[in-house]
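# Secondary and tertiary structure notes
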Amino acid sequence: MKTIPENLRKRMRWLRGDITRLDVDAIVNAANPSLRGGGGVDGAIHRAAGPELLRWCIEHCPQGVDYGQAVISPGFDLKARYVIHAVGPDCRRFRDEEQCAGLLRAAYRNSLALAAEKQLESVAFPNISTGVYGFPKEKAAPIAVETVAEFLERHHFPRRVIFAVFDAENARLYRELLGEETTETDE
Ligand code: APR
């Protein structure tokens, strides 16, 4: 992976913890195409946001959302003002590695474009597709970091991106890519 220039590096942080508790402008949900909730971080976000979130998804996305795409909703009971629902590749379905990688990049890029449109200061991402969807973590982490760095190079917003890491393997990977964990989301 190519070195991230310092001016971008300081806009990208990672921390170990539950994304639903972060006081940021938007948290990204690792959703499925139905946008009707699910397990993993999807389930955690719907539980923390409350039932209004599911009602919003049903009303605004009756047909759901395609793989690689993202939509933005209010955060309702969450500390975050918005939830960006991104659908990463389901690697149990998409066997082609390049296709999976392309859809993962698109999920990050489309989420960032929604944040840029609203000129958000801070956005937190989970490790999209690395749980139920089975994208290998050691491959997903550099794709996520590179895609975010490329986007931030060309956009003032979001000002800061936080990778909210939940498990030990991802923590090791993000430490290798971005150095030591940060404690604050508003650094
Ligand atoms: N905060 C941050 N990260 C979390 C949290 C949380 N509260 N809970 C889980 N994670 C991490 C997992 O450890 C994993 O690294 O989020 C990453 C993504 O895992 P999943 O939630 O399983 O999402 P994904 O792999 O993208 O699969 C999406 O799973 O939950 C269903 O409805 C969802 O069908 C969709 C599929």
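Residues numbered from 1 in each chain as written. Predicted model: local features only at pLDDT ≥ 70, side-chain atom pairs only at ≥ 80, totals over all residues. Heavy atoms only, no water.

### Thoughts on the nonpolar core
Short version of the rule: Throughout, nonpolar core names a set of buried Ala, Val, Leu, Ile, Met, Phe, Trp, Tyr and Cys residues whose side chains join them through atoms within 4.5 Å. The rule is simple: take the accessible area with a 1.4 Å probe, protein chains only, and divide by the maximum for that residue type; under 20% is buried, over 50% is exposed, in between is partly exposed. Under the DSSP-based scheme used, a helix requires at least four consecutive residues in state H or I and a strand at least two consecutive residues in state E, with every element numbered from the N terminus. Throughout, a contact is declared for two residues whenever any of their heavy atoms are within 4.5 Å.
One finds Met12, Ile27, Tyr108, Phe125, Val148, Phe163 and Tyr174 to be the most contacted residues of the largest nonpolar core, which totals 68 residues. With ten residues, helix H4 (residues 97-117) is the largest single contributor of residues to this core. With residues near it in sequence (within four places) discarded, Phe163 still touches Met12, Arg13, Trp14, Leu15, Tyr108, Phe125, Ala144, Val145, Val148, Tyr174 and Leu178.

### Things to note about the pairing of strand S3 (residues 70-74)
Note the following rule: Think of it this way: DSSP has to see at least two bridges between two strands before they count as a pair.
Taking burial as the measure, the five residues of S3 include four buried ones, the bulk of the element. By the bridge criterion, five bridges tie S3 to strand S4 (residues 82-87) in an arrangement that is antiparallel. Bridging across to S4, Val71 finds its partner in His85.

### As for the layout of surface pockets
Operational definition: Note on definitions: the grid is 1 Å and covers protein atoms alone; a cavity is a set of points where a 1.4 Å probe fits but cannot get out; a pocket is an open set with protein on both sides within 12 Å along at least five of seven lines; lining residues have an atom within 4 Å of a point. Grid points are joined across faces, edges and corners, and a volume is the space filled by probe spheres set on the points. Following the grouping adopted for this structure description, the nonpolar residues are Ala, Val, Leu, Ile, Met, Phe, Trp, Tyr, Cys and Pro, the charged ones are Asp, Glu, Lys and Arg, and the polar ones are all others, Gly among them.
A volume near 570 Å³ is recorded for the largest pocket. If you trace the largest pocket, you find 27 residues lining it, with Ala30, Gly40, Val41, Asp42 and Gly131 closest to the centre. Looking at the lining of the largest pocket, the elements that each hand over two or more residues are strand S2 (26-31), helix H2 (40-49) and strand S6 (160-165). It is H2 that provides the largest number of residues to the lining of the largest pocket, a total of four residues. Residue composition of the lining of the largest pocket, grouped by class: twelve nonpolar, eleven polar and four charged.

### Some points on the site of the ligand
Defined as follows: A molecule or strand has a residue near it when one of that residue's heavy atoms lies within 4 Å. In the analysis that follows, any N or O atom pair within 3.5 Å is treated as a polar contact, provided that within protein one partner can donate a hydrogen and the other can accept it, and provided that, for residues neighboring in sequence, both atoms belong to side chains. Computed with the Shrake-Rupley method and a 1.4 Å probe, the accessible areas treat only the protein chains shown as cover for residues. Being in a pocket or cavity means that more than half of the molecule's atoms lie within 2 Å of its grid points.
Lining the immediate surroundings of the ligand are 23 residues, of which Asn32, Gly39, Val41, Asp42 and Gly131 lie closest. Here Val41 contributes a backbone N or O atom positioned 2.8 Å from an oxygen atom of the ligand. Taking Ser129, its main chain carries an N or O atom lying 2.8 Å from an oxygen atom of the ligand. Protein contacts shield 90% of the accessible area of the ligand, which totals 690 Å² for the unbound molecule. Given that more than half its atoms are within 2 Å of the pocket grid, the ligand belongs to the largest pocket. In terms of residue count, the dominant contributor to the shell around the ligand is H2 (four residues). Here the shell around the ligand is built from residues that sort into nine nonpolar, eleven polar and three charged.

### Observations concerning empty space enclosed by the protein
Enumeration according to the criterion identifies one cavity of 30 Å³ or more in this entry. Approximately 40 Å³ is the volume found for the largest cavity. Surrounding the largest cavity, Tyr108, Asn127, Ile128, Thr130, Lys137, Ala140, Ala141, Ala144, Asn170 and Tyr174 form its lining. With four residues, helix H5 (residues 137-154) is the single largest residue contributor to the lining of the largest cavity. The residue makeup of the lining of the largest cavity, split by class, is six nonpolar, three polar and one charged.

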